[in-house]
Amino acid sequence: QFRVFGCLFAVLCLAVGAIAGKYSREMNDQKPSVDGKSTVEFRIAKLNQVWEKATRMQLPPVRQAELHSDLKIQEKDELQWKKSKAEGMDENGEREAKLRRGFNVILAKYGMDGKKDTRPLESNNLKDHDIREGDMFDDPRLDKLWNKAKSSGKFSEEEMQSLKREFQHHKDKISEYNIVMDTVSRTEGERNVISPLEGEVKQHVLHQKHTDLKDKMRDLNQGFERLRKLSHEGFSEDSEFKEPRVKELWEMAQRANLTGDELDSLKEELKHFETKVEKHSHYQEQLELSHQKLRHVEALGDNDHILRNQERYNNLAEKTREMGYKMKKHMQDLTSKISRKGLDRNEL
């Protein structure tokens, strides 16, 4: 009788173990819903949870579209990592740590890391009139430089818009640096409560984080120096590109010791990329305007009018997310390509 009971207990444990394993696999590799009722945006459960929380938080439309694009990039990177890990790569866990850091950056960037978020909710050019004059970029050095450039009288209205984009881009980079620094500080605080073996792994991860921080700080210093020069000297006539991100990639390529042919080829690719960035900015502006119009129509209460505007808004939101993902992926590919070529050239 005891043997029979023992067998039954063993079978029961196996069954529970199988169900738990199946559940955890399903939670990590979520499949799209087929019931037609609930739509699952992402194949990874934690990314869906973030997206669902964001929709409940009712983030501003442009910011919500940006979050969606960031989550799509995170999903792509995590699925690629899972595949490479199954093939025996990333033994030291470096890529895994980088992915975890990327996920934490997303949570902090959109105010979903459980901390009281002191950053402004959105950085949309259409909202600039709401910001107190002279305190536009939440950074004393940037504000001082901006006010000096504005009062210099050397920039046309169009050039001031371009300069504002440059400053806004730098402000976003400062914010990202602060987020990464915060995650490093938290990880270092945990070091005293982990085992020696885990400590070795954590030490390696921390070293990588500090390297990333140094790179970001160098990038920030170079960016600020470029802004300072731009504010004093103005835009040069023969400037290759207009968009801040594209300019940075071009400067990065010029520092990477590439051949003339490689630079020419990259310049063409960067022109295509700049078109993509401009198109994405256009969609963001249209999405914001569409959202404002929808709110106005909803206040009037005409159901047919509301449905038409809601459909237009939904289509624009989808297009903006899609464009955002394509642009971010292209930027990721270009950055990787320039870094890799620069490394190859230095090794020769």
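Residues numbered from 1 in each chain as written. Predicted model: local features only at pLDDT ≥ 70, side-chain atom pairs only at ≥ 80, totals over all residues. Heavy atoms only, no water.

In the annotation of an unreviewed UniProt entry, the entry for the chain reads Low density lipoprotein receptor-related protein associated protein 1, and the organism field reads Oncorhynchus mykiss.

Peer 1: Looking at this model, I keep getting lost on the packing of helix α3 (residues 61-86) against helix α9 (residues 260-300). Mind explaining?
Peer 2: Geometry of a packed helix pair, given as the angle between the helix axes and the separation of the axes. At a minimum axis separation of 9 Å, α3 and α9 run at an interaxial angle of 135°. By the angle class used here, α3 and α9 are oblique. Mapping the contact onto sequence places P61, V62, A65 and E66 in α3 and H280, Q284, L287, E288 and H291 in α9. Tallied by class, the residues present in the contact of α3 with α9 amount to four nonpolar, three polar and two charged. (Axes fitted to C-alpha atoms, helices over the stretch in contact; angles between N-to-C directions. Helix = DSSP H or I, 4+ residues; strand = E, 2+ residues; numbered from the N terminus. Parallel < 35°, antiparallel > 145°, perpendicular 65-115°, else oblique. Contact = heavy atoms within 4.5 Å. Nonpolar A, V, L, I, M, F, W, Y, C, P; charged D, E, K, R; others polar.)

Peer 1: In this structure, what is going on with the environment of R321? I would like to understand it.
Peer 2: When you line up the elements, R321 lands in helix α10 (residues 303-347). Accessibility expressed as a relative area gives 21% for R321, which makes it partly exposed. Residues R321 and H280, spaced 41 residues apart in sequence, show a C-alpha to C-alpha distance of 9.0 Å. Not counting residues within four places of it along the chain, the set of residues in contact with R321 comprises W51, A65, H68 and S69. (Buried < 20%, exposed > 50% of the residue type's maximum accessible area, 1.4 Å probe, protein only.)

Peer 1: Looking at this structure, I do not really get the packing of α3 against helix α4 (residues 94-109). What am I missing?
Peer 2: Interaxial distance between α3 and α4 falls to 11 Å at its minimum, and their mutual angle equals 165°. Between α3 and α4, the interaxial angle falls into the category roughly antiparallel. Crossing of α3 against α4: the hand is left-handed. Where α3 abuts α4, its residues R63, L67, D70, L71, Q74, D77, E78, Q80, W81 and S84 lie against R95, E96, L99, G102, F103, I106 and K109. Split by residue class, the contact of α3 with α4 holds six nonpolar, four polar and seven charged. (Left-handed = near helix turned anticlockwise from the far one by under 90°.)

Peer 1: I keep staring at the nonpolar core and nothing clicks. Help me out?
Peer 2: Soluble, globular proteins show a tendency: their nonpolar side chains are buried together. One finds F137, L142, W146, L163 and F167 to be the most contacted residues of the largest nonpolar core, which totals 21 residues. Among the elements of the structure, α4, α5 (140-152), α6 (157-189) and α7 (196-233) are those that each provide at least two residues to this core. Contacts of L163, omitting those with residues within four sequence positions, involve W146, A149, F155, L230, S231 and F235. Among the nonpolar cores identified, the runner-up in size contains 15 residues, and A256, V277, L334 and I338 belong to it. (Core = buried A, V, L, I, M, F, W, Y, C linked by side-chain atoms within 4.5 Å.)

Peer 1: I'm lost on the pattern of salt bridges in this one. Help?
Peer 2: Between side chains of opposite charge, a pair can form when the charged atoms approach closely. Applying the stated criterion across every chain, the model contains 23 salt bridges. In this structure, the salt-bridge partner of E278 is K242, at a minimum N-O distance of 3.8 Å. With a gap of 36 residues between them, E278 in helix α9 and K242 in the loop between α7 and α8 (244-255) connect regions that are remote in the sequence. E278 sits in the partly exposed class, given a relative accessible area of 30%. Between E298 and R295 there is a salt bridge, with the nearest N and O atoms lying 2.7 Å from each other. Taken as a pair, E298 and R295 lie in helix α9 at a separation of three residues, close to a single helical turn. The class of R295 is partly exposed, set by a relative accessible area of 39%. (Salt bridge = Lys/Arg side-chain N within 4 Å of Asp/Glu carboxyl O.)

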